[in-house]
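Structural characterization, general
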Amino acid sequence: MSSGICQRGEEDEDVYGFLVGDIKKEIRRSSRLRCFHCKKAGASVGCSIKSCRQMVHMPCGLEQEFVFQFTGLFPSFCKKHAPTQSCDSSHSLPHSCSICLDPIEPILSYHVLKCPACHGSWFHRKCVQNYAHSAAMFFFKCTLCNNKEQFQQEMLRMGIYIPERDASWELEENAFVELLQVYHRCDAVKCLCHKGREHSSQSGYFEIVLCKLCGSRGTHRKCSNIRVYEADWMCADCKTAAEGKTSLPLPNHVESPLAIRQERKRLFKSISDIHSSIVAKRQCVPATSPEVLMDLACQISQQQFTEVLVGDDDGGVMEAALQVLRQSDFNPCCTLSVKFSKDKLNNNIRNQRRFLRRLVSKLQVSDIFEGSDGAKNLALNSKALRDDLYFDVGSLLALSLVHGGPPLGFFSPALYHSLFNYPKNYRPTLEDLGDTAFGHKIRQIAEAKSMKELRHAMKSASQYLEAAGCWRKISKLSEKDMLVEDVLNFYLIIRLQLPLQRFREGLRTLGMFEQVQMCSETFFPVFCGPVERLTAESVMELFTTRLSEEKEKQVLEKTTISFWKQYLHECEEGQCAASLEDLLTFATGTDLVPAIGFKPTPSISFLSSPDNLCAFPQSNCDANHLILPTLPSYQLFKKHLDYTVCQFSVMQDI
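Reading guide: rules and limits
Position numbers for residues start from 1 in each chain and track the written sequence from start to end. Whole-chain, interface and lining totals are the exception, using all residues; otherwise, since this is a predicted model, local features are given only for residues with pLDDT of at least 70 and side-chain atom pairs are given and counted only at 80 or more. Values reported for side chains reflect all heavy atoms of the structure, with hydrogen atoms and water molecules removed beforehand. Relative accessible area decides the class of each residue, using a 1.4 Å probe on protein chains only: under 20% of the type maximum gives buried, over 50% gives exposed, and in between gives partly exposed. Only DSSP runs of H or I covering at least 4 residues are called helices, and only runs of E covering at least 2 are called strands; the numbering of each starts at the N terminus. Relevant arc is that of directions from the helix axis to the C-beta atoms, nothing else. Whether two residues are in contact is decided by their heavy atoms, any of which lying within 4.5 Å being enough. Between N-to-C directions, angles cover 0 to 180 degrees, with each direction set by a line fitted to C-alpha atoms, over the stretch in contact for helices. Under this scheme an angle from 65 to 115 degrees is roughly perpendicular, one under 35 degrees roughly parallel, and one over 145 degrees roughly antiparallel; angles in between are oblique. Any residue outside Ala, Val, Leu, Ile, Met, Phe, Trp, Tyr, Cys, Pro, Asp, Glu, Lys and Arg is labelled polar, Gly included; the first ten of those are nonpolar and the last four are charged. Two rings belonging to Phe, Tyr or Trp (six-membered ring only in the last case) form a pair when the distance between their centres is within 6.5 Å. Interplanar angles under 30 degrees mark stacking, angles over 60 mark edge-to-face geometry, and anything in between is tilted. Either the NZ atom of lysine or the CZ atom of arginine qualifies as a charge over a ring when it sits within 6 Å of the ring centre and within 35 degrees of the ring normal. A pair of strands counts as paired when DSSP detects no fewer than two bridges linking them. For any pair of crossing helices, the crossing counts as left-handed if the nearer helix is rotated counterclockwise from the farther one by less than a right angle, and right-handed if it is rotated clockwise. Patch criteria: residues need more than 30% relative accessible area and no salt bridge. Like-charged residues are merged within 9 Å; nonpolar side chains of Val, Leu, Ile, Met, Phe, Trp and Tyr are merged within 5 Å. Each accessible area value is a Shrake-Rupley result obtained with a 1.4 Å probe; residue values ignore everything except the protein chains displayed when judging cover. We count a salt bridge whenever a side-chain nitrogen from Lys or Arg sits within 4 Å of a carboxyl oxygen from Asp or Glu. Positive charge is attributed to Lys and Arg, negative charge to Asp and Glu, and no charge count is given to His or to the chain ends. Note that the charge is assigned to NZ on lysines, CZ on arginines, CG on aspartates and CD on glutamates. Among the buried residues, those of types Ala, Val, Leu, Ile, Met, Phe, Trp, Tyr and Cys that are joined through side-chain atoms within 4.5 Å form a nonpolar core.

Labelled according to an unreviewed UniProt entry, the protein appears under the name G2/M phase-specific E3 ubiquitin-protein ligase isoform X1, originating from Danio rerio.

Set out below in structure tokens:
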């Protein structure tokens, strides 16, 4: 880029054709010139307009928006004389970069460029430069209209460097080796093969059959009721698309940019129609949420562990979870091995359930959520976007549900609808705004009973309405409903598109998002709650009893069962020192039934001791097992159970 030097040698001569003598001369020449930006000597790059005297170092030129053209004589131009692009008023202005898809200011400048062929593809300078580095000369073309020659010439004119080599993905060894691998997994909602989803026999009911259309979905014959002699099978997505009335014909040629946009619009509408039918069909899958979660939990290895070290402070759980998640070698399929710094017993199952219970509570009050308890929406937080916290929280919620955490129960219906399109025809309401200043002002508009009240309410909320693009003249009182609906859609959906996208990506961890979308109605109470409180009846149904084979012992054990039932009812009525939640924590390590359910099923066995005063209840959280002593009276049974459970609760809090 230096102004006083040219490439006089061959490509393999001296420094890529730049002669050493010429380089030394240019060093001496530029040592006498000062950079107009940093005021230091050594400015070797000057504006190619002869009347312009601006000289800079190349890094300084980049800061000052110099345009360096990597073609011809490699000329450089200052900000004042740099080449520019013009905007065609006949085309609609874009709202996002066609490369990174982030919002873009539709004003052509040094930092914002457009395609000269279709005029519809706009992008950030950094994005198109990164794209050029990756695609290089042989694959660098417009992302929208695929124009190559005109597009490359314009980008060179605007200072984009295009390497003369093959694309980066073509230079990587074995870059596409995975294309040689055949998909080999059962994707049925409930896999019946006891050897796992990856197992496939050479023939028979546990042979994996691939979709004859896409080849990217598979199932065991038995899992989808495919007869042994049948070879054709279609997955749910392909079957819906193939049997539906909607077709997706692709154009043979593109006549103009306008035709491209019209064709894309028609295709997106067709795809949307197919997606709606797919979602409607998926909702009919007869699987409960614990069954689906148990199915996803088959991915978790019991031989590989991820250590989670939780500190003493109140924010230790969240900090530990994020630290583990952001490790470069983190594997969500490893079993969580949780250690609390104060815990000396180190029971992994109890620690894991305790950790996941606290984690969900912390995530519920994190910065990415807003609204009342039990009806949270995503909040727009720039720091969370910068730190990619939306992805992290979505991933942690998916991990919690699959690894045995509690039901979430704090999503609002509006948030659940935005993520999973259920309930089908849900419309945001004022209740979804929660108790916020914005919600209060919008409620004033909705509750206005006269035009005077409406104008006053709109004036009070004018800043919010202008930000939402909803500020307009209202001539009738009946028009307020449409105004409120537009504001709600903007506040709860439109402005949150990027957070929702990253949150969805996080929920895809372990395949969680796809399964919830297939069974969105089933999972609605898991995400939106409210979480059911424990009752004496529900706790009794959780536990199965193991009676002894000896009839004499059975008599005592049945008496203990009646004591147990009476104790549960008194716990529910608040007549015991312990609560039902304390009792469940003592037996299983958690005060809530996990969304995945308990595995193994909680059970009760009995302990007979010659000394009744020393017969206290015991528990094994790893096996969800409770051992009750056979005592002669209910008063003694209650006293011992209260003491043991309360002591355990105190130890948990220390």
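Additional details are given in the paragraphs that follow.
Attention now goes to helix H18 (residues 497-507). Among all positions of H18, only Pro499, Leu500, Phe503, Gly506 and Leu507 are buried. With its buried residues spanning 120 degrees around the axis, H18 presents them on a single face. On its buried side, H18 packs onto strand E11 (369-370), strand E12 (377-378), helix H11 (382-386), helix H12 (389-402), helix H13 (413-420) and helix H19 (512-518).

A separate point is the packing of helix H9 (residues 316-325) against helix H10 (residues 348-364). Direction vectors running N to C along H9 and H10 enclose 100 degrees, while the axes themselves pass 9 Å from each other. Here H9 lies roughly perpendicular to H10, going by the angle between them. Of the residues in H10, those in contact with Val317, Met318 and Ala321 of H9 are Phe355, Arg358, Leu359, Lys362 and Leu363. The residue makeup of the contact of H9 with H10, split by class, is six nonpolar, no polar and two charged.

What follows concerns the packing of aromatic side chains. Applying the stated criterion across every chain yields a total of 28 aromatic pairs. Ring centres 4.2 Å apart and planes at 20 degrees place the aromatic pair phenylalanine 438 and tyrosine 491 in the stacked group. Of this pair, phenylalanine 438 sits in helix H14 (residues 437-446) while tyrosine 491 is found in helix H17 (residues 480-492), placing the two residues 53 residues apart along the sequence. When sorted by exposure, phenylalanine 438 lands in the same class as tyrosine 491, which is buried. Following the ring pairs from residue to residue traces out a cluster consisting of Phe369, Phe410, Phe411, Tyr416, Phe420, Tyr422, Phe503, Phe513, Phe523, Phe524 and Phe527. Geometry around tyrosine 110 places arginine 125 over its ring, the cationic atom sitting 4.0 Å from the centre. Its end group placed over the ring of tyrosine 491, arginine 495 keeps NZ or CZ at 3.8 Å from the ring centre.

What follows covers the pairing of strand E10 (residues 334-340). On a regular strand, each side chain points to the face opposite its neighbour's, so the side chains alternate between the two faces of the sheet. Counting buried positions along E10 yields six of seven residues, so the element is predominantly enclosed. Of the strand pairs in this sheet, strand E9 (residues 301-310) and E10 are connected by seven bridges, and their pairing is parallel. Within E10, the residue paired with phenylalanine 305 across the bridge is threonine 335.

To characterise two packed helices, one gives the angle between the axes of the helices and the distance between these axes. Their axes nearest at 10 Å, the elements H10 and H12 cross at an angle of 150 degrees. Crossing handedness for the pair H10 and H12: left-handed. In this structure, H10 contributes Leu356, Leu359, Val360 and Leu363 to the contact, and H12 contributes Val393, Leu396, Leu397 and Ser400.

Time to look at a positive patch on the surface. Together, Lys24, Lys25, Arg28 and Arg32 make up a positively charged patch on the protein surface. Locating lysine 24 in the fold gives a position in helix H1 (residues 20-30).

Here we take up the environment of threonine 560. With respect to the secondary-structure elements, threonine 560 resides in helix H22 (residues 551-572). By relative accessible area, which is 0% here, threonine 560 ends up buried. Discounting chain neighbours no more than four positions away, the residues touching threonine 560 are Phe606, Leu628, Pro629, Thr630, Leu631 and Phe637.

With that settled, the discussion passes to the pattern of salt bridges. Between side chains of opposite charge, pairing is possible as soon as their charged atoms come close. All told, the structure shown has 20 salt bridges when counted by the stated rule. A salt bridge links arginine 326 to aspartate 392, with the nearest nitrogen and oxygen atoms 2.7 Å apart. Within this pair, whereas arginine 326 is found in the loop between H9 and E10, its partner aspartate 392 is found in helix H12, the two being separated by 66 residues in sequence. Judged by relative accessible area, arginine 326 falls into the partly exposed class, the value being 47%. Across the salt bridge formed by arginine 495 and glutamate 370, the nearest N and O atoms sit 3.6 Å from each other. Taken together, the positions of arginine 495 in the loop between H17 and H18 and glutamate 370 in strand E11 put the pair 125 residues apart, joining distant regions of the chain. The exposure class of glutamate 370 is partly exposed, given its relative accessible area of 21%. Taken together, the shared-partner salt bridges in this structure form one network comprising Arg185, Asp187 and Glu198.

Moving on: the nonpolar core. Counting 62 residues, the largest nonpolar core has Phe411 and Phe527 as its most contacted members. The residues touching phenylalanine 527, leaving out its near neighbours within four places in the chain, are Leu401, Leu408, Gly409, Phe410, Phe411, Tyr416, Phe420, Met512 and Val516. Listed in part, the 32 residues of the second largest apolar core include Leu534, Ala536, Leu580 and Leu628.

A few words on the pairing of strand E16 (residues 625-629). For E16, the tally of buried residues reaches five of five residues, placing the bulk of the element in the interior. Burial along E16 is two-sided: the face carrying His625, Ile627 and Pro629 and the face carrying Leu626 and Leu628 are both buried. As paired elements, strand E14 (residues 603-607) and E16 share five bridges and run parallel to each other. Note on E16: the bridge partner recorded for serine 603 is histidine 625. Where strand E15 (residues 618-620) meets E16, three bridges bridge the pair, whose relative direction is antiparallel. Bridging from a neighbouring strand, glutamine 618 pairs with isoleucine 627 of E16. Where E15 hands over to E16, the hairpin turn is made up of four residues, of which asparagine 624 adopts a positive phi near 50 degrees.

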